[in-house]
Amino acid sequence: MSPTLTTSFTLVGAIAAGLPLLWLTAPPPAQPQETLPTDAPHQRQVHASIYFSGEPDKITLYHEAQEIATFTKPVSQQHFMLKLPVGDTIEIEYEVQWPENTPGMKGFTLHLEPEGQETRTETMWTMPEETQLNDIFYFRW
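Owing to the predicted nature of the structure, the values given are computational and were not obtained by experimental measurement. (Residues numbered from 1 in each chain as written. Predicted model: local features only at pLDDT ≥ 70, side-chain atom pairs only at ≥ 80, totals over all residues. Heavy atoms only, no water.)

**Q** Could you clarify how one ought to interpret the overall build of the protein chain in this entry?
**A** Regarding its fold elements, the protein chain presents one helix and eight strands. For the protein chain, the succession of helices and strands along the chain, N to C, is α-β-β-β-β-β-β-β-β. For 141 residues, the compact-globule estimate of 2.2 N^0.38 gives 14 Å, and the protein chain exceeds it by more than 25% at 33 Å. Each principal axis of the C-alpha distribution contributes one length, and for the protein chain these read about 110 × 40 × 20 Å. By the burial criterion, 27% of the 141 residues in the protein chain qualify as buried. Taking as baseline every contact in the protein chain between residues at least 6 positions apart, the subset at least 24 positions apart corresponds to 63%. (Helix = DSSP H or I, 4+ residues; strand = E, 2+ residues; numbered from the N terminus. Rg over C-alpha atoms; globule rule 2.2 N^0.38 Å. Buried < 20%, exposed > 50% of the residue type's maximum accessible area, 1.4 Å probe, protein only. Contact = heavy atoms within 4.5 Å.)

Structure representation (structure tokens):
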């Protein structure tokens, strides 16, 4: 084989071996920018009150599986602020536990007063032999 042909084949081989290096060392393609959804719910402060019969051991309120308020051994009604999303419907789950020796039916009321909207109140009662309430209140405006 002539030296020119050997040099040509060597040069073609080096170029062919180097072509994947151009692909491997090239900058990565531009990734699309991740943006936050524009329809994310806005939060607002809501005046809230709880009322109950007897003296519960514990009252816990949840919104979308997140604890938003807890009261341990409250002896009277409680007034507080909740941060809730703006919307036509709000679901609030509650758990109320009374001591075993609490007589009679036991009740729990949640009262919400969002600014600029009508107030809403939901109440649930237990049977005399029950000591726990766990359910969801649906508030609609």
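**Q** Mind showing me how you'd approach helix H1 (residues 3-25) here?
**A** For an α-helix the count is 3.6 residues per turn, leaving residues at separations of three or four pointing the same way. With 23 residues, H1 extends 33 Å between its outermost C-alpha atoms, agreeing within 8% with the 33 Å of an ideal straight helix rising 1.5 Å per residue. Buried residues are scarce in H1, accounting for zero of its 23 residues. (Expected span 1.5 Å × (residues − 1).)

**Q** What is the right way to read the nonpolar core from this model?
**A** Residues Ile50, Leu61, Ile92, Phe108, Leu110 and Leu112 are the most contacted members of the largest nonpolar core, which totals 22 residues. Elements with a contribution of two residues or more to this core: strand E1 (43-52), strand E2 (58-63), strand E3 (66-72), strand E4 (78-85), strand E5 (89-97), strand E6 (107-114) and strand E8 (132-140). Aside from chain neighbours lying at most four places away, what touches isoleucine 50 is Ile59, Leu61, Phe71, Gln77, Gln78, Phe80, Phe108, Thr109 and Leu110. (Core = buried A, V, L, I, M, F, W, Y, C linked by side-chain atoms within 4.5 Å.)

**Q** What's the story with the packing of aromatic side chains in this structure? I'm lost.
**A** Two descriptors summarise a pair of aromatic rings, namely the distance from one centre to the other and the angle between the planes of the rings. Tallied over the full model, the rule gives six aromatic pairs. Seen in terms of ring centroids, tyrosine 94 and phenylalanine 108 are 5.3 Å apart; in terms of plane orientation they differ by 35°. Their pairing is tilted. Taken as a pair, tyrosine 94 in strand E5 and phenylalanine 108 in strand E6 lie far apart in primary sequence, 14 residues in all. Comparing tyrosine 94 with phenylalanine 108 shows no difference in burial state: the two are buried. Site record: aromatic cluster; members linked through ring pairs are Tyr94, Phe108, Phe137, Phe139 and Trp141. (Phe/Tyr/Trp six-rings, centres within 6.5 Å; stacked < 30°, edge-to-face > 60°.)

**Q** What's the story with the sheet that holds E3 in this structure? I'm lost.
**A** By definition, the strands of a sheet pair up through backbone hydrogen bonds, in either a parallel or an antiparallel sense. Sheet architecture is open: four strands sit in the order E3-E2-E5-E8, paired in antiparallel fashion. Edge positions in the open sheet fall to E3 and E8, since each of these has one partner strand only. On average, adjacent strands in this sheet sit at an angle of 20° to one another, irrespective of strand direction. Examined bridge by bridge, E5 and E8 share nine bridges and lie antiparallel to one another. (Pairing = 2+ DSSP bridges. Axes fitted to C-alpha atoms, helices over the stretch in contact; angles between N-to-C directions.)

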